[in-house]
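# Analysis of the macromolecular model
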Amino acid sequence: MNRREFAAAGLAGAAAMAGSAKAAGGKPFPTGFQWGVATAAHQIEGNNVNSDFWLMEHLKPTPFAEPSGDACDSYHRYEEDIALVAKLGLTTYRYSIEWARIEPEPGAWSIAELDHYRRMAESCRKLGLRPLATLHHFTAPRWLAAKGGWDDPATPGRFAAYADKATRAMGDLLDGVCTINEPNGPVEEWALRGDKATPGADAFAAFAAKAAGSSKFSTYGLGDAVKTRDGMIAGHKQARAAIKATRPHLPVGITLALTDLTAAPGGEDLYKHVYAASRTPFYEAVRGDDFVGVQSYTRVRVGPAGKLAPTERVLPMHYEYWPQALEACVREAARETHCPVLVTENGIGTENDAERIAYTEAALAGLRRCIADGVDVRGYIHWSLMDNFEWLEGYRPKFGLVAVDRTTFKRTPKPSAWRLGEIAKTNGAGVG
Ligand code: BGC
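Note that the coordinates shown come from a computational prediction; the quantities given were computed from them, not determined experimentally.

Time to look at the overall build of the chain. The helix and strand tally for the chain stands at 16 helices and 13 strands. The C-alpha atoms of the chain give a radius of gyration of 21 Å, which matches the 22 Å a tight globule of 432 residues would have. With respect to the three principal axes, the spread of C-alpha positions in the chain is 65 × 55 × 45 Å. Buried residues in the chain amount to 59% of all 432 residues. With the model as given, the accessible surface of the chain reaches about 16,400 Å², and the carbon-plus-sulfur share is 56%. Across the chain, the centroid of the 50 positively charged side chains sits 3 Å from that of the 51 negatively charged ones.

Right under this line is the structure:
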């Protein structure tokens, strides 16, 4: 099926389903609802050589399946990527700006890199897209890691200084800022493991420290989980204050990694512990933010000794196919924070694009039920625009709506890209 045929089928299907949604009493998505896609700098730009992750990817041995290398060369091709987002009919592009480029040495701010990211926001605006910038999506300058990363009490202040520079450079063009991506992820994993670090993490950190010429090395997911949590909460608050000092009306939020977390029989105590360690502190910290970013992919059922084995289909990322997670997580975040919700990530790593469409539509049906029940949801941003560098897993998992040729960097939208575009253009008619 070519693009035109797919669009026609999608529209026809949407119209037919819109009838059934009405018959079922489904309410439309609110006027002005945002439909978008997300990316992160390190995963698509390429050659982020001054970052902590680049260093770790090139250690021998390394737990990374392969290095990020040129990634999707989006550092040079961002205009093409932004034009594609607009062409699909979406309203919002969530991307991250790279601290390791903007502050390559402590206090040495790169005007050229700030200009680069300003041009990205300008490109979005020119095409009528809403640019939503994330300041920290896992990667940081390698010098920061060598100073102890988020374990170091000085890091929240350094992060706020970076937030201040970014806001002054491009805040007038942004639609919103996500301060830190998934700061709760490492502490949830730690608590689920019975308050233990990832096996081998300490030895790898010591090895990386040597390579960085330091006595310590700490990055997202590698440091002390509790110190990282507390440092990131402080960093979020200080960055929010720095942004608001210059741009009081610029919406600011944090994006949380939320699994549909439930207690299985016998797992109630561990569940409570995990929730208290990894959710409550963040929910308390973000009350008063302009939005809470919900990122949801799957579920975790907590048994007496940790995560229970999946019972549903297991995806290449080793977790269960569970599109119901989005509805549960949106309800939880709204109830706990009283903030408007923005779905800042939801998606599926699969080679099977029909499965991606089915997953996305099922997740959106759940989102629609939240809205029908009065939950204030402002938008749905899919992960991800294109197939990209999936951290430890390398380029194997395919989260993209758009395929990327690893040699020519040619972008080819998959049917799921056109389908999400049609959903956006009809403001969700036929979903749910
Ligand atoms: C992260 C992305 C990642 C995606 C899929 C999210 O937790 O923010 O960087 O690629 O999950 O694993």
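All chains considered together, the criterion is met by 21 aromatic pairs. Taking the centre distance of 5.9 Å and the plane angle of 90° together, the rings of Tyr297 and Phe399 count as edge-to-face. Taken together, the residues Tyr297 in the loop between strand S7 (291-296) and strand S8 (299-303) and Phe399 in the loop between strand S11 (377-383) and strand S12 (402-404) connect sequence positions 102 residues apart. Like Phe399, Tyr297 is buried. Summarising the aromatic geometry, the rings of Phe389 and Tyr395 are spaced 5.4 Å apart at their centres and angled 55° between planes, so their arrangement reads as tilted. Pairwise contacts between aromatic rings join Phe53, Phe64, Phe138, Tyr220, Phe389, Trp391 and Tyr395 into one cluster. Arg313 extends its terminal NZ or CZ atom over the ring of Tyr321, reaching a point 4.1 Å from the ring centre. The ring of Tyr395 carries the charged tip of Arg406 above its face, separated from the ring centre by 3.7 Å.

A pair of packed helices can be characterised by two numbers: the angle between their axes and the separation between those axes. Contact geometry for helix H8 (residues 155-170) and helix H11 (residues 225-246): axes closest at 8 Å, N-to-C directions at 30°. Taken together, the axes of H8 and H11 lie roughly parallel to each other. Crossing of H8 over H11 shows right-handed handedness. Together, Pro156, Gly157, Phe159, Ala160, Ala163, Asp164, Thr167 and Arg168 of H8 and Gly231, Ala234, Gly235, Gln238, Ala239, Ala242, Ile243 and Thr246 of H11 make up the contact between the two elements.

Taken together, 13 residues form the shell around the ligand, and within it Gln43, His137, Glu182, Glu345 and Glu390 come nearest. In the model, an oxygen atom of the ligand is placed 2.6 Å from a nitrogen or oxygen of the Glu390 side chain. Protein coverage of the free-state accessible area of the ligand, which is 310 Å², stands at 91%. When its residues are assigned to classes, the shell around the ligand shows six nonpolar, four polar and three charged.

Here we come to unusual backbone geometry. Residue Lys60 is joined to Pro61 through a cis peptide bond whose omega torsion reads 0°. Following Trp383, the chain continues to Ser384 via a peptide bond in cis, the omega torsion being 15°. Here Ser384 lies in the loop between S11 and S12. At Ala71, a position not held by glycine, the phi torsion is positive, near 45°. Take Ala71: it is sitting in the loop between helix H3 (52-57) and helix H4 (74-88). Even without glycine at this site, Asn427 takes up a positive phi of about 50°. Position of Asn427 relative to the elements: it lies in the segment after helix H16 (415-425). Overall, Asn427 belongs to the partly exposed group, its relative accessible area being 22%.

Going through the model one piece at a time under the given rule, you end up with 27 salt bridges. In this structure, Glu332 engages Arg279 in a salt bridge whose closest nitrogen and oxygen atoms are separated by 2.9 Å. Highlighted residues: Glu332 in helix H14 (residues 325-337) and Arg279 in the loop between helix H12 (268-278) and helix H13 (280-286), separated in sequence by 53 residues. In this structure, Arg396 engages Glu393 in a salt bridge whose closest nitrogen and oxygen atoms are separated by 2.4 Å. For Glu393, a relative accessible area of 23% gives the class partly exposed.

So, on to the sheet that holds S8. The strand order across the open sheet built from three strands is S6-S8-S9, with neighbouring strands paired in mixed fashion. The two strands at the open ends of the sheet, each matched to only one other strand, are strand S6 (260-263) and strand S9 (306-307).

With respect to the secondary-structure elements, Ser416 resides in helix H16. Within the structure, Ser416 has its side chain in polar contact with the side chain of Asp353 (distance 2.7 Å). Excluding anything up to four places from it in sequence, Ser416 contacts Asp353, Arg356, Ile357 and Leu401.

Our focus in this paragraph is H16. Among the 11 residues that make up H16, nine are buried, leaving the element largely enclosed by the rest of the structure. Here H16 has its buried residues at Ser416, Ala417, Trp418, Arg419, Leu420, Gly421, Glu422, Ile423 and Ala424.

A separate point is the sheet that holds strand S5 (residues 252-257). In spatial order, the strands read S1-S2-S3-S4-S5-S7-S10-S11; together these eight strands close into a barrel with parallel pairing. The sheet shows a mean angle of 25° between the axes of neighbouring strands, taken without regard to direction. In this structure, strand S2 (residues 92-96) lies alongside strand S3 (residues 130-136), joined through five bridges in parallel fashion. Paired with Tyr95 across the two strands is Ala133, which belongs to S3.

Moving on, we get to the environment of Thr262. You can see Thr262 is positioned in strand S6. Along the backbone, Thr262 and Ile180 are 82 residues apart, and their C-alpha atoms lie at a distance of 25 Å. Residues within four places of Thr262 in sequence aside, it is in contact with Tyr271, Val300, Arg301 and Val302.

Another point: the nonpolar core. The biggest cluster of nonpolar side chains holds 111 residues, and the ones touching the most others in it are Tyr93, Ile97, Val330 and Leu367. Core analysis: the second largest hydrophobic core is formed by 16 residues, Ala40, Leu342, Tyr359 and Ile381 among them.

Reading the values: rules and limits
Residues numbered from 1 in each chain as written. Predicted model: local features only at pLDDT ≥ 70, side-chain atom pairs only at ≥ 80, totals over all residues. Heavy atoms only, no water. Helix = DSSP H or I, 4+ residues; strand = E, 2+ residues; numbered from the N terminus. Rg over C-alpha atoms; globule rule 2.2 N^0.38 Å. Buried < 20%, exposed > 50% of the residue type's maximum accessible area, 1.4 Å probe, protein only. Areas by Shrake-Rupley, 256 points an atom, 1.4 Å probe, with all protein chains shown as cover. Lys, Arg positive; Asp, Glu negative; His and termini not counted. Charge placed at Lys NZ, Arg CZ, Asp CG, Glu CD. Phe/Tyr/Trp six-rings, centres within 6.5 Å; stacked < 30°, edge-to-face > 60°. Lys NZ or Arg CZ within 6 Å of the ring centre and 35° of its normal. Axes fitted to C-alpha atoms, helices over the stretch in contact; angles between N-to-C directions. Parallel < 35°, antiparallel > 145°, perpendicular 65-115°, else oblique. Left-handed = near helix turned anticlockwise from the far one by under 90°. Contact = heavy atoms within 4.5 Å. Near = heavy atom within 4 Å. Polar contact = N/O pair within 3.5 Å; in protein donor to acceptor, adjacent residues only side chain to side chain. Nonpolar A, V, L, I, M, F, W, Y, C, P; charged D, E, K, R; others polar. Salt bridge = Lys/Arg side-chain N within 4 Å of Asp/Glu carboxyl O. Pairing = 2+ DSSP bridges. Core = buried A, V, L, I, M, F, W, Y, C linked by side-chain atoms within 4.5 Å.

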